[in-house]
Amino acid sequence: MQGDVLIREVGPRDGLQMVRTILPTQQKLDWCRLAVAAGLHAVEVTSFVPAAVIPQFADAEAVAAGALRIDGLDPSALVVNLKGTRRALEAGLRKLTYVISASEAHSAANARRSTDMAIAEYARIREEFDTLFRTGEAELAFGIATAFGCTIQGAVSTERVLRLVDAACELGAEEIMLADTVGYAHPDQVSALFVKARARAAVPLAAHFHDTRGLGLANVLAALQAGVRRFDASLSGLGGCPFAPGATGNIATEDLAYMLEAMGWKTGIDLPALLALQARIRPWLHGERMESAVVRAGLPLTMASEESH
Ligand code: ZN
């Protein structure tokens, strides 16, 4: 008997940040509504970065406000600094993920700051959180990007990632997420890093994999076996950089849900409803790369015939 696994849909954030189509706010909210109807309650709905950096998220406040009115939705957002955190909290969100790069080169290129500066920023955000909220009232996750390698500097050492895990534990975090931002991870590496992280962190660990080199689901399995029960995924693997040929987005939500359900894990997701959602959203993102093996092949009879709930 397998237990529960949380799938967090990050398509509206990670998936959309790289696509050329700017989705209207209403469609982003319709996506969230359809996700809830498919049993996908945890959705990372937006990112509080300056609109000049990523125009897709110029409507972050409106998306957050709309998302908070959707019954059954458990919305979260990504933040990279105190300013964005204040905007997200002001908009009413109570679940945030702060992202920090394990790779010094990625941190400098992406956020124009060193990893140590990013830790100091987290400390400020954490302090604000702890002043505003009592335990259980809000959640701030500590996400570690490029935890398995970096397209700028190459290898990222385990020691470096574990130092960040330790920093998160010391400062406090409701969740620690290890992200394979660029799709460099392989299952043995995933297993080794999560086992080490688990030995240090008492809080839940989450995994965020990109399927750039086809190892996304294999990495999920390795993380599952290391005790991870929270996974990010994006609809049809949306995302990827338009300037990097062959780059892809996250692991596809449909394929992740299919694998977990087939293995007997409980995701709460209604697969036929998830495929219906995909069919609704696909035309909104015409011309964008959207790939999922389950969408391509359909559900096997053994699962398609299951009564949807
Ligand atoms: Zn990502």
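Refer to the preceding data block for the structure.
Computed from a prediction, not measured in an experiment: that's the story for all the values here.

Cut-offs applied
Residues numbered from 1 in each chain as written. Predicted model: local features only at pLDDT ≥ 70, side-chain atom pairs only at ≥ 80, totals over all residues. Heavy atoms only, no water. Core = buried A, V, L, I, M, F, W, Y, C linked by side-chain atoms within 4.5 Å. Buried < 20%, exposed > 50% of the residue type's maximum accessible area, 1.4 Å probe, protein only. Contact = heavy atoms within 4.5 Å. Salt bridge = Lys/Arg side-chain N within 4 Å of Asp/Glu carboxyl O. Helix = DSSP H or I, 4+ residues; strand = E, 2+ residues; numbered from the N terminus. Donors = N, O, S within 2.8 Å, 3.2 Å for Na, K, Ca; no water.

S.K.: Please clarify how the nonpolar core should be interpreted in this entry.
M.R.: Note that soluble globular proteins tend to have their nonpolar side chains buried in a common cluster. Ile144, Leu178, Phe194, Phe209 and Phe231 are the most contacted members of the largest nonpolar core, which totals 92 residues. Ignoring sequence-local partners within four residues, the contact set of Ile144 consists of Ile100, Ala102, Val161, Leu164, Val165, Ile176, Met177, Leu178 and Ala179.

S.K.: For this particular structure, what's the right way to read the pattern of salt bridges?
M.R.: Working definition: two side chains of opposite charge can pair if their charged atoms are close together. Using the criterion set out here, one finds 19 salt bridges in the structure. Ionic pairing is found between Glu175 and Arg8, a salt bridge with its closest N-O pair at 2.9 Å. Within this pair, whereas Glu175 is found in strand E6 (residues 175-180), its partner Arg8 is found in strand E1 (residues 6-9), the two being separated by 167 residues in sequence. We note that Glu175, like Arg8, is buried. Between Asp14 and Arg13 there is a salt bridge, with the nearest N and O atoms lying 3.5 Å from each other. Assigned by exposure class, Asp14 and Arg13 land together as buried.

S.K.: Looking at this structure, how should I read the coordination of the zinc ion?
M.R.: The protein atoms that coordinate the zinc ion are Asp14 (OD), His208 (NE2) and His210 (NE2), at distances of 1.9 to 2.1 Å. The sequence motif formed by the donor residues of the zinc ion is D-x193-H-x1-H. Note that Asp14 is positioned in helix H1 (residues 11-17) and His210 in the loop between strand E7 (205-209) and helix H9 (216-225), a separation of 196 residues in sequence. Residues Asp14 and His210 agree in their burial class; the two are buried.

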